Amino acid sequence: MGRQPPRYQQIKQYLLDNIQTGHFPVDHKIPPEEQLAVTFGVSRMTANKAIRDLVQEGYLVRQSGIGTFVTDRRSESPLAEINNIADEVRSRGHVYANRVVSCEALHADDEIALRMGVRIGTRLFHSILIHLENGQPIQLEERFVNPRWVPGYLEADFARQTPNEVLVAACPITDMEHVVEAVLPEAGAAEWLEIDAALPCLSVRRRTWSGDRLISYAHLLHPGDRYKLRTMARSPS
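In this report, we go over the structure that sits alongside the text. (Residues numbered from 1 in each chain as written. Predicted model: local features only at pLDDT ≥ 70, side-chain atom pairs only at ≥ 80, totals over all residues. Heavy atoms only, no water.)

**So, the packing of helix H2 (residues 33-40) against helix H3 (residues 44-56)**
So, point 1. Two elements in contact, H2 and H3, have axes separated by 8 Å at closest approach and are oriented at 115°. The angle between the axes of H2 and H3 places the two elements in the roughly perpendicular class. Every pair of crossing elements has a handedness; the one defined by H2 and H3 is right-handed. Listed contacts from H3 to Glu33, Glu34, Leu36 and Ala37 of H2 are Arg44, Ala47, Asn48 and Ile51. (Axes fitted to C-alpha atoms, helices over the stretch in contact; angles between N-to-C directions. Helix = DSSP H or I, 4+ residues; strand = E, 2+ residues; numbered from the N terminus. Parallel < 35°, antiparallel > 145°, perpendicular 65-115°, else oblique. Left-handed = near helix turned anticlockwise from the far one by under 90°. Contact = heavy atoms within 4.5 Å.)

What follows is the structure in structure tokens.
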């Protein structure tokens, strides 16, 4: 007869099963430690360990003086920062990968010339990548880069470095601009992201500068049910 798992693991599995089946939906307040301890016949410390593990794994969030709640585990990115998406995925304990759709030099049309602050016809570098978390597409990235400032961009190995890492290595990023909106994906984008074309997406248009040099313009498209953006603001003191 096999050994029973540790009691805290039983509590943890009970909570996880309820979360994953939707019995405990997002923002649901889970039973308090005292109640779990009584239900499972364990000490409050044992119940606390089960909850603490799930908080660390991103399934639960504690709110001081209120209780512990089921959190939204969709991939999350801070809007006010430029983070490496590979680091974000790995920080959640998940596996990062990407697929390169294209990587080429082209000449700027009127729209891209305006966004990049260059003349129409200026030679630019262009890449399209699909970023994946545990094998599931979470971001379609189309990026234009000024070769004057990042001359080795097309030679980068994106299996080893993300476009963000290549840019940061070439030029320290000092300023950025974000434009965020909800959109429906175009047919090609929906296919690359493996979603229905009727699924709303989060669109982020981002420009980045190093000093007074406009380095890059990127259009980032995220499936709305897999990704969220977060921002924080300080209240006036």
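Continuing now.
**A word on the nonpolar core**
So, point 1. Grouped together as the largest cluster of nonpolar side chains are 18 residues, with contacts concentrated most on Ile11, Leu15, Ile30, Leu36 and Leu60.
So, point 2. Every element with two or more residues in this core is listed here: helix H1 (7-20), H2 and H3.
So, point 3. For this core, the leading source of residues is H1, giving five residues.
So, point 4. With near-sequence residues (within four places) excluded, Leu60 lies in contact with Ile19, Ile30, Ile51, Leu54, Val55, Thr68, Phe69, Val70 and Thr71.
So, point 5. One finds Leu129, Val145, Val166 and Cys171 within the second-largest nonpolar core, a separate group that totals eleven residues. (Core = buried A, V, L, I, M, F, W, Y, C linked by side-chain atoms within 4.5 Å. Buried < 20%, exposed > 50% of the residue type's maximum accessible area, 1.4 Å probe, protein only.)

**Here's the deal with the packing of H1 against H3**
So, point 1. One can describe the packing of H1 onto H3 by two numbers: an axis separation of 8 Å at closest approach and a directional angle of 50°. Considering their axes alone, H1 and H3 lie oblique with respect to each other. H3 is crossed by H1, and the crossing has right-handed handedness. Between H1, through Arg7, Tyr8, Ile11, Lys12, Leu15 and Leu16, and H3, the contact on the second element is made entirely by Thr46, Ala47, Lys49, Ala50, Ile51, Asp53 and Leu54.

**What to know about the packing of aromatic side chains**
So, point 1. Inspection of the entire model under this criterion finds four aromatic pairs.
So, point 2. Taken together, a centroid distance of 6.4 Å and an interplanar angle of 85° make the contact between Tyr14 and Phe24 edge-to-face. A residue pair is termed long-range when its members are at least 10 positions apart, and Tyr14 in helix H1 and Phe24 in the loop between H1 and H2 qualify at ten residues.
So, point 3. Using a relative accessible area of 33% as the deciding quantity, one classes Tyr14 as partly exposed.
So, point 4. Assessed through its relative accessible area of 6%, Phe24 is described here as buried.
So, point 5. The ring of Trp149 has Arg213 sitting right over it, with the charged end atom 4.8 Å from the ring centre. (Phe/Tyr/Trp six-rings, centres within 6.5 Å; stacked < 30°, edge-to-face > 60°. Lys NZ or Arg CZ within 6 Å of the ring centre and 35° of its normal.)

**Points about the environment of Glu177**
So, point 1. Residue placement: Glu177 occurs in strand S7 (residues 175-183).
So, point 2. Between the alpha carbons of Glu177 and Val204 there is a distance of 9.8 Å; along the sequence they are 27 residues apart.
So, point 3. Setting aside residues no more than four positions away along its own chain, Glu177 makes contact with Arg205, Arg206, Arg207 and Trp209.

**Considering helix H6 (residues 163-170)**
So, point 1. Every buried residue of H6 is listed here: Pro163, Asn164, Val166 and Leu167. Viewed along the axis of H6, the buried residues span an arc of 165°, placing them on a single side of the element.
So, point 2. Along its buried surface, H6 packs onto strand S5 (123-133), strand S6 (136-145) and strand S9 (213-223). (Arc of directions from axis to C-beta.)

**Concerning the side chain of Glu33**
So, point 1. Relative to the assigned elements, Glu33 resides in helix H2.
So, point 2. By relative accessible area, which is 12% here, Glu33 ends up buried.
So, point 3. Polar side-chain contacts of Glu33 include one of 2.9 Å to the side chain of Arg44.
So, point 4. Excluding residues that lie within four positions of it along the chain, Glu33 makes contacts with Arg44, Ala47, Asn48, Ile51 and Arg62. (Polar contact = N/O pair within 3.5 Å; in protein donor to acceptor, adjacent residues only side chain to side chain.)

**Quick notes on the sheet that holds strand S4 (residues 96-107)**
So, point 1. Taken in spatial order, the six strands make up an open sheet running S4-S5-S6-S9-S8-S7, and their pairing is antiparallel. Single-partner strands in this sheet number two, and they are S4 and S7. Taken over all neighbouring pairs, the strand axes of this sheet differ in orientation by 15° on average, direction set aside.
So, point 2. In terms of strand pairing, S6 meets S9 through six bridges, oriented antiparallel. Bridged to Glu142 within S9 is His219. (Pairing = 2+ DSSP bridges.)

Geometry only, nothing functional implied.
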